[in-house]
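Read off the chains here:
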Amino acid sequence: MNYGQTGKDLILDLKRSDWLPPYNEETVRSTLDEISLHFDSLNDQVHASKTTNAITNPTKPTDTSSSAPSMQSRPALLLHDAAIRRNKRCLLAYHAYRLDKLKALRWDTSASLPTHVRALLSEAEVDFYAGYDKLISVYNAGLVVAGEEVGNPTPLD
């Protein structure tokens, strides 16, 4: 198994694009599946390590909450944990980058989402844009000084 490759593919997809690539649902799902597989492996190894500790040390009380995993299983536990964390970071970076681009688009253009951009987005991103547009509209409506509009303020991000 090539750990972290699907998460890396998401980031490379962003890097290769000029502005915003189409939402890659398949790679996002496979990254989530990889996280789930690592999590299951991690749980299995922790459970096996605790069972082994209980068998090899029958004189110790069986307090499974405080028993440390054996030295032989620790590298595998660290590997799975690192793979989970890396994939999570890749997913968060992928989605944060896309949302930042959508926020910048809203400040740079009008409130309507261009159709060519809509084709690149997931349904959740379209919903995010609509909600963000409402927030910006309310924010801009509140910026009236002595009957004159102040203009399009810069984002507070």
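Within any chain, residue numbers begin from 1 and follow the written order of that chain's sequence. Residue-level local features of this predicted model are given only where pLDDT is at least 70; pairs of side-chain atoms are given and counted only at 80 or more, and the full residue set underlies all totals for whole chains, interfaces and linings. With hydrogens and water excluded, all non-hydrogen atoms of the structure serve as input to the side-chain values.

Trainee: So what exactly am I meant to see when it comes to the overall build of the protein chain here?
Mentor: The helix and strand labels rest on DSSP assignments: H or I over at least four residues marks a helix, E over at least two residues marks a strand, and numbering proceeds from the N terminus. The number of helices and strands found in the protein chain is five helices and two strands. When the elements of the protein chain are put in sequence order from the N terminus, they spell out α-α-α-α-α-β-β. For the protein chain, the residues scored as buried account for 30% of the 157 residues in total. A fraction of 70% describes how many contacts in the protein chain between residues 6 or more apart in sequence connect residues 24 or more apart. To sort residues, take the accessible area from a 1.4 Å probe on protein chains only and compare it with the maximum for the residue type: under 20% means buried, over 50% means exposed, and anything in between is partly exposed. Residue contacts are counted whenever heavy atoms from the two residues lie within 4.5 Å of one another.

Trainee: Looking at this structure, how should I read the pattern of salt bridges?
Mentor: Once their charged atoms are close, side chains differing in charge can pair, the charge on each being opposite to the other. Salt bridge, as applied in this entry: a Lys or Arg side-chain nitrogen positioned within 4 Å of an Asp or Glu carboxyl oxygen. On inspection of all chains with the given rule, the structure shows four salt bridges. Across the pair E25 and R29 runs a salt bridge, and its minimum N-O distance is 3.0 Å. With E25 and R29 both in helix α2 (residues 25–56) and four residues apart, the pair spans about one turn of that helix.

Trainee: Would you mind showing me how to read the packing of aromatic side chains here?
Mentor: Each pair of aromatic rings is reported with the distance of its centres and the angle of its planes. Within 6.5 Å between ring centres, the rings of Phe, Tyr and Trp (the latter by its six-membered ring) count as paired, and their orientation is classed by plane angle as stacked under 30 degrees, edge-to-face over 60, tilted in between. For the coordinates displayed, the defined rule picks out three aromatic pairs. Note on Y23 and Y94: the rings are 5.9 Å apart at their centroids and 45 degrees apart in plane angle, and the pair reads as tilted. With Y23 in the loop between α1 (5–16) and α2 and Y94 in helix α3 (residues 74–108), this residue pair connects regions lying 71 residues apart in the sequence. Each member of the pair, Y23 as well as Y94, is classed as buried.

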